[in-house]
Amino acid sequence: MALHENGKELSTRELAEVQRLFQRNAKDPAFAVVYYREMSPKGALRFQAQLSIDASSGDDTTRLELAQSIQKDMGLALATATGPSTDKDDAHASLREGRAYLGKEWINDLKEAGTQPLSVGLDHAQPVGYQVLASLLQHGTYDRRFLNPIAQDMVTLERKGASWPVADPHQGSQHFGLNLTHKETPGWDPMTGLLAAFGHSPEASTTFFSGSTGGGNSDLKRLSNLDFFLSEDSGRKWLPDRTSGLTNPDDESRIPAKRALGHALESATTGRPYGDDGPLRPPTREQANVFEKVVREFGSHPDSIKRDGSLAPLVPSLGNMSAEYMYDIQREFMGGSGADSYFRHAGADANLSYKEGDALEAFLQAVAENPGAYGTVIAAQQTVTTAAIRGAIADADGRTLASEAERAAMPGARVADSATEGKFHAIAAAENGLQMIAEYNNSLAVTDKWVGRLTAMAAIRPPSTRLAASRLSGAVREAAMGYFEEDGPAELEEVEEGRRNYVLVKRSRIARAASQAVQAAAQQEGIPAGPRTPAAGAVADVYMTVNSTLWGSVQSS
C-alpha cells in the first residue's frame, strides 16, 4: 500500500496483485490485524474510498471487478481482525488472546476517523469515514464488541443532527459509488451497510436492538434503537442513497436501507444470519423480546408497513419472522401462556398479548398485504395447525376427539382470517387485480420449506409429529393449494362485491382447510374416519365451529 500512501494511483496490474493478496489472506487473523494496524483506520478508509470512487466513476470493467473483489475481502478481513477468538483449537488463539486483534484503542481511532472527511481528489465527492466503513461492513460476520460501539456512535451522530455528505449531482451523471456490491445502493447512506452487517451478525444484532442510545453522559434523551429505526414519530429520517434526484420524497433509493433493516431484524429475532435456510434455532429470551416489540410497534401503527407505508420494504422479513414465531402467534390466539400445550416449542416464548387490543391481528393483516409474506404466513400457519390437530386427536378419546380438534384448529383459523383481510385490501387497491391474485397464488410455493423447519421446533412430539416431514408436507400442501390458491377471475369478482361478502366466502374455505386437516390427521394416525365415527364427527364439528366463529366476527365488525 506504499504506492497509495504516496498518492500514486495503482495500475490495473498492481490492483490485481492487491486483489490476490486479499483473496488469499482475508480470513487470516495475523494478516488482517497487521494490515489494518499498519494502514490505520483513516488510511484504510481513505484507500477504500479512493478505490471505490475511481472504479465506479470510470468505464473500465476490469478495474471495477477488481475493486469489487477487494472491497468484499477488505470487509471479511475487518471482521477477522476485530473478532477475538475464543476457540482453543484456533491455530492463532495464543496470538489473539495476547490482544493481537483490533480492540478498544483501534475502535476509538476508527470512531474518530468515522466522522472526518476523506480527501479523494474530487471536489464533488467528499465522503466521511463512516460512509466508507459501511461499504466494508456489509461483508463478513462481526463480533458485537466491535460492531455495536460503532453502531451506537453512528446512531448518536444522526440523532445529534449530523448529515451524511453526498456526491454533487450537478457534476455529471457518474455513479460515484462507495458501495460496489449493489448499483442501487451507492453507499452514501451508511446505515444501509451497517444494517447489512447486523443482518449477517445475529448476536450483535440482538444486542443492538435490545439496547438504546442517549442518556448517561449524552445530551440525548434515551431512545431505544428499535424506536429509532421503526418509529415514524421519533425515529430516523430515511435518506436517499443516490447522487441525483435528492429532493424527491418518494425516491426509491431509500428502499435498500429499509430492506436491510428487515434483514437485521430477522437476524436479531431468530439468531441466524439473514438468508440462512438451515434449521430454525430455539429463540432466546432476548430474541423473543425483540420480536414482541416489533409486533407491538407495527400492530399499533400498521399503516407504516401496509403496501404504501413508509416501512413496507420490511414486510418480507416480517413475514419470515412471523413464520418462525408461528407457535407463539397461535398460542396467543388460543389464550396465551396458560393455553394448551399443542403450541409449545423449544426455546423462549414470545408474549404477544398487548393491552392495546388487536395489535397481533392488525400486524398480521398489514403483513399479508405483501403477497410473498402472505404465502409465508399461510404456509407456517397451516403447518403448525396440522401438527397441532394431529397431536390433539392422538391424545384424545372418542368422547373428546371433536372438542380437542376444535381447540387445536381455531387459532390457525384466526391467523388465516387475519391474513385474508390483508389480501383483500391488497387486491382491492391493485391497479391489476388479476396480476396481484397470481402473485398471491405463486407465494404458496414456499410450503415445503416451512414444514420441516417448524415441525423440528415442536417441544412436544406425539406420534403424529414424528411423521416424516414429507408426509406432513403433503397434507399441508394439499390444504394450501386446495383452499388458499384461487381462480383469478372468480376471486376478482368476489373482491369487487365488497369486503363483507369476500371474507364470508374465504372464511368458509378456511374452515374447510381446518376440517381437512382433521381428516388427514385421523387417517395418518390410523383412527377410523368412516360414517358415524367420532373422527367423522370431528371433521364436521371443526368445519361448523370455525365457520360460525369467524362468521360471528363479521357480524360484529
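In what follows, the structure referred to is the one given above.
Calculation rules
- Residues numbered from 1 in each chain as written.
- Predicted model: local features only at pLDDT ≥ 70, side-chain atom pairs only at ≥ 80, totals over all residues.
- Heavy atoms only, no water.
- Phe/Tyr/Trp six-rings, centres within 6.5 Å; stacked < 30°, edge-to-face > 60°.
- Buried < 20%, exposed > 50% of the residue type's maximum accessible area, 1.4 Å probe, protein only.
- Lys NZ or Arg CZ within 6 Å of the ring centre and 35° of its normal.
- Core = buried A, V, L, I, M, F, W, Y, C linked by side-chain atoms within 4.5 Å.
- Contact = heavy atoms within 4.5 Å.
- Helix = DSSP H or I, 4+ residues; strand = E, 2+ residues; numbered from the N terminus.
- Expected span 1.5 Å × (residues − 1).
- Polar contact = N/O pair within 3.5 Å; in protein donor to acceptor, adjacent residues only side chain to side chain.
- Salt bridge = Lys/Arg side-chain N within 4 Å of Asp/Glu carboxyl O.
- Axes fitted to C-alpha atoms, helices over the stretch in contact; angles between N-to-C directions.
- Parallel < 35°, antiparallel > 145°, perpendicular 65-115°, else oblique.
- Left-handed = near helix turned anticlockwise from the far one by under 90°.
- Nonpolar A, V, L, I, M, F, W, Y, C, P; charged D, E, K, R; others polar.

J.: Describe the packing of aromatic side chains, and please don't skip the residues or the numbers.
T.: A full pass over the atoms with the stated rule returns 17 aromatic pairs. For the pair Y35 and Y36, a centre-to-centre distance of 4.9 Å together with 80 degrees between the ring planes defines the contact as edge-to-face. In this structure Y35 comes out as buried when scored by relative accessible area, which is 8%. For Y36, a relative accessible area of 2% puts it in the buried group. Between the aromatic rings of F208 and F209, the centroid separation amounts to 5.1 Å while the plane-to-plane angle is 80 degrees, which identifies the pairing as edge-to-face. Judged by its relative accessible area of 0%, F208 is buried. Sitting over the ring of W238, R236 keeps its end group 4.8 Å from the ring centre. The side chain of R453 reaches across the aromatic face of W450, ending 4.9 Å from its centre.

J.: Provide a residue-level description of the nonpolar core, including the pertinent values.
T.: One broad trend across soluble globular proteins is that nonpolar side chains are buried collectively. Y36, F146, F209, F229 and L318 are the most contacted members of the largest nonpolar core, which has 156 residues in total. Apart from residues no more than four positions distant in its own chain, F146 is found in contact with L78, T82, W106, I107, L110 and L137.

J.: Which residues make up helix α17 (residues 371–395), and what values go with them?
T.: Over its 25 residues, α17 extends 36 Å from the first C-alpha to the last, a length consistent with the 36 Å expected when each residue adds 1.5 Å. By the criterion of burial, α17 is predominantly enclosed, with 22 of the 25 residues buried. Among the residues of α17, the N-terminal cap falls to N370, whose side-chain oxygen and the backbone nitrogen of G372 are separated by 2.9 Å.

J.: Please give an account of the pattern of salt bridges that cites residues and values.
T.: As enumerated under the stated definition, the model contains 24 salt bridges in all. Among the salt bridges present, the one from E158 reaches R236, with a minimum N-O distance of 2.6 Å. With E158 in helix α8 (residues 144–159) and R236 in the loop between α11 (225–230) and α12 (255–270), the pair connects residues that are 78 residues apart, well separated along the chain. The residues E158 and R236 share a single accessibility class, namely buried. For R507, the salt bridge goes to E421, with nearest N and O atoms at 3.7 Å. With R507 in helix α23 (residues 499–524) and E421 in helix α18 (residues 401–429), this residue pair connects regions lying 86 residues apart in the sequence. By relative accessible area, R507 is classed as buried at 4%.

J.: If you had to explain the packing of helix α6 (residues 104–114) against α8 to someone new, which residues and values would you point to?
T.: Following both chains from N to C, one finds α6 and α8 inclined at 30 degrees, their axes separated by 11 Å at the closest point. Here α6 lies roughly parallel to α8, going by the angle between them. Classified by chirality, the crossing of α8 by α6 is right-handed. Across from W106, I107, L110 and K111 in α6, the residues of α8 making contact are R145, F146, P149, I150 and D153. Residue composition of the contact of α6 with α8, by class: six nonpolar, no polar and three charged.

J.: Let's hear about the environment of I378: which residues, and what values?
T.: Note that I378 resides in helix α17. Since its relative accessible area comes to 0%, I378 is described here as buried. In this structure the C-alpha to C-alpha distance between I378 and S443, which are 65 residues apart in sequence, comes to 9.4 Å. In contact with I378, not counting residues within four places along its chain, are A416, A419, L444 and F484.

J.: Tell me what's going on with the environment of R296, and back it up with residues and numbers.
T.: Position of R296 relative to the elements: it lies in helix α13 (residues 285–300). Classification of R296 as partly exposed rests on a relative accessible area of 31%. Each C-alpha atom, one on R296 and one on D358, is 10.0 Å from the other, the two residues being 62 residues apart in sequence.

J.: Describe unusual backbone geometry, with residues and values.
T.: A positive phi is found at S40, a non-glycine position, where the angle reads about 70 degrees. Look at S40 and you get partly exposed, because its relative accessible area is 29%. With a phi angle near 70 degrees, R532 is a residue other than glycine that sits in the positive phi range. The exposure class assigned to R532 is exposed, which follows from its relative accessible area of 87%.

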